[in-house]
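# Tertiary structure, described
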Amino acid sequence: MKNSCFDYDLLVIGAGSGGVRAARTAASLGARVAVVEDRYMGGTCVNVGCVPKKLYVYASEYGKGFTDAAGFGWSTENVQFDWPTLRDNKKTEISRLNRIYERLLDNAGATIIHGRARLHDSNVVDVDGQQVSAEKVLLATGTWPFIPPFTGHEHALSSNEIFDLDDFPDRLLVIGGGYIATEFAGIFNGLGSRVTQLYRGDLFMRGFDSDIRAFLAAEMLKTGVDLRFNANPQSIEPSSDGLLVTLGNQGNLKVDAVLAATGRRPNIEGLNLEITDIQYTKNGFIAVDKCFQTAEPWLYALGDLIGGPQLTPVALAQGTAFAHQHYGQGSQAPDLEYVPTAVFSQPNVGTVGHTEETARKMFGDVSIFKSEFKPMKHTLSGKDERSLMKLIVDASTNRVVGLHMVGPDAGEIVQGMAVAIQMGATKADFDRTIGIHPTAAEEFVTMREPVG
Ligand code: NDP
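This section reports on the structure supplied with the text.

Criteria and thresholds
- Sequence order as written defines the numbering, with residues in each chain counted from 1.
- Totals for whole chains, interfaces and linings use every residue, but because this is a predicted model, local features are given only for residues with pLDDT of at least 70 and side-chain atom pairs only at 80 or more, for both listing and counting.
- The basis for the side-chain values is all heavy atoms of the structure; hydrogens and waters are excluded.
- Numbering of helices and strands starts at the N terminus; helices are DSSP runs of H or I of at least 4 residues and strands are runs of E of at least 2.
- For a helix, the expected span equals 1.5 Å multiplied by the residue count minus one.
- Working definition: with a 1.4 Å probe on protein chains only, accessible area under 20% of the residue-type maximum means buried, over 50% means exposed, and in between means partly exposed.
- Here, residues are in contact when the closest pair of their heavy atoms is within 4.5 Å.
- Ring pairs are drawn from Phe, Tyr and Trp, using the six-membered ring of Trp, whenever the two centres fall within 6.5 Å, and their geometry is named by plane angle: stacked under 30 degrees, edge-to-face over 60, tilted for the rest.
- Definition used: whenever NZ (Lys) or CZ (Arg) falls within 6 Å of the ring centre and also within 35 degrees of the ring normal, the charge is taken to sit over that ring.
- Between the N-to-C directions of two axes lies an angle of 0 to 180 degrees, each axis being a line fitted to C-alpha atoms and, for a helix, fitted only over the stretch in contact.
- Orientation categories follow fixed angle ranges, with anything under 35 degrees roughly parallel, anything over 145 roughly antiparallel, 65 to 115 roughly perpendicular, and all other angles oblique.
- By the definition used in this description, the sense in which the near helix is turned from the far one sets the handedness, with an anticlockwise turn below a right angle giving left-handed and a clockwise turn giving right-handed.
- Residue polarity is assigned by list, with Asp, Glu, Lys and Arg as charged and Ala, Val, Leu, Ile, Met, Phe, Trp, Tyr, Cys and Pro as nonpolar; anything else, Gly included, falls into the polar class.
- Salt bridge criterion: a side-chain nitrogen from Lys or Arg within 4 Å of a carboxyl oxygen from Asp or Glu.

## Notes on helix α1 (residues 17-28)
- With 12 residues, α1 extends 17 Å from end C-alpha to end C-alpha; this agrees with the ideal 16 Å at 1.5 Å per step.
- α1 sits mainly inside the fold: nine of its 12 residues count as buried.
- For α1, every residue scored as buried is listed here: S17, G18, G19, V20, A22, A23, T25, A26 and A27.
- Directly after α1, the chain includes G30, whose backbone phi takes a positive value near 105°.

## A closer look at the environment of V288
- In this structure, V288 sits in the loop between β15 (264-266) and β16 (299-301).
- For V288, a relative accessible area of 26% translates into the label partly exposed.
- C-alpha of V288 to C-alpha of G71: the two residues are 217 residues apart in sequence and 55 Å apart in space.
- Each residue touching V288, except ones within four places of it in the same chain, is listed here: Q293, T294, A301 and I306.

## Some words on the packing of aromatic side chains
- Throughout the structure, instances matching the rule amount to 15 aromatic pairs.
- Relative to F163, the ring of Y56 has its centre 5.5 Å away and its plane inclined at 55°; by these criteria the two rings are tilted. In this pair, Y56 sits in helix α3 (residues 50-69) while F163 sits in the loop between α5 (159-162) and β8 (171-175), placing the two residues 107 residues apart along the sequence.
- Ring centres of Y199 and F229 lie 6.3 Å apart, and the angle between their planes is 85°; on these two criteria the pair is classed as edge-to-face. Of this pair, Y199 sits in strand β9 (residues 194-199) while F229 sits in strand β10 (residues 226-229), and the two are 30 residues apart along the sequence.
- Members of the aromatic cluster, connected to one another through ring pairs, are Y56, F81, W83, F163, F168, F184 and F188.
- K136 extends its terminal NZ or CZ atom over the ring of Y327, reaching a point 5.4 Å from the ring centre.

## Quick word on the packing of α3 against helix α6 (residues 179-191)
- Running from N to C, α3 and α6 point in directions that differ by 40°, and their axes come no closer than 7 Å. In terms of orientation, α3 lies oblique with respect to α6. As α3 packs across α6, the resulting crossing turns out to be left-handed. Within the contact between the two elements, α3 uses K53, Y56, V57, A59, S60 and G63 and α6 uses E183, G186, I187, G190 and L191.
- Broken down by class, the residue content of the contact of α3 with α6 amounts to five nonpolar, four polar and two charged.

## Some points on the pattern of salt bridges
- All chains considered together, the criterion is met by 21 salt bridges.
- D38 is the salt-bridge partner of R116, the closest N and O atoms lying 3.0 Å from each other. Taken together, the positions of R116 in the loop between β3 (111-114) and β4 (117-121) and D38 in the loop between β2 (33-37) and α2 (43-48) put the pair 78 residues apart, joining distant regions of the chain.
- Since its relative accessible area comes to 36%, D38 is described here as partly exposed.
- Note that D226 is salt-bridged to R228, the shortest N-O span being 2.9 Å.
- Several salt bridges converge on common partners, so that one network encompasses D209, D211, E356, R360, K370 and K390.

Shown next, in the form of structure tokens:
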């Protein structure tokens, strides 16, 4: 395994979730490993993604929590929110996590090289003028926000900047209808902004089950988000009173800030991949085989960069698999058919497996089970929020091939359900499982009559 012709056995570019996991697992298996990083330790997830986002979701849920509490007898007058407190406490927590990531690599025996990596030649990477060689080079640089080039797009913020605003935006426009747009619309709405969310198509959250998409839209409208479909900005220009956004046939908007959450693209600028024979997928991601090898034999890639689900746990699983494939006893690449995921929208979405649309195409005859209800908490809070749960069953095998939910804690609930789905649970297995009462999750094991 060790090749003394090179400085390292493995050089990882990017200290995000996938890169750090691959590096420290490989190092613990005896490889000589270095990781190059020029920004923050922990990558998108730790610094400008999952972690700070979830902290902000918690913060924003307090807003409605205080209102809900009144029906339970609590008085909560003069409740106030202070943005700098949230932002700065978040910064402190992220710095703590940065140090933990650094320590994880140190403890595993991996070398951290702070600097900007650029491929120099086969097996050689230039880091700010210093050349480092490695038998294998692993690209784990993730993705970067993409903002479409409409007039005035430079006035829009990406998810990289939105966390650390100096001033809280009383009026926020969010462009996009995917994970990030929908989560941030909920966050700032909950914190007290007047939020408008624009999606260019008929119904946002493309790729999710249609019932879930429509139900979430209806619930978000109830929370006060001004959610508009078939709408896209034409231009943004500074005005005396914030930013003026023109929307064509939907008029104009005056806002304090615009968040463009319009997708993420491979973060490969400046890597000098031009010197390689690397191949790309039709969507511009790096093409790899099942051992994460690119078309260039010494060059590997994993995580968001290779175009699967852009999810931290997927990158982590790939990092572990990569290390075991190349420095351990071998491993399969992770099976990505039943990857659970949650959108921390308000209310949450949790999902695992196929949508009704894809299940019908794949399996033909499917049975659909649905339950829609008012969460028990809102019988006293007075709120009109509702939840939806949906199961999709392959009629020929009785296997549950899709499980979807909109409602509080959907991510927590679906994570547990995902184990059953991954194991191939049938509807009969769900039916013979005793519920936990009173919970929302028990609905998943008490749906008896198919609705389609
Ligand atoms: P998504 O791909 O989820 O959504 C991008 C949105 O922007 C879509 O609604 C898309 O519309 C729209 N869009 C794209 N191009 C344009 C354009 N030119 N003009 C107007 N709208 C446009 O990307 P995100 O940036 O929200 O998130 C990136 C990835 O990060 C996600 O796919 C997800 O994997 C991951 N993520 C996961 C989270 C979680 O696990 N909770 C949280 C946040 C991110 P259309 O659908 O029509 O293409």
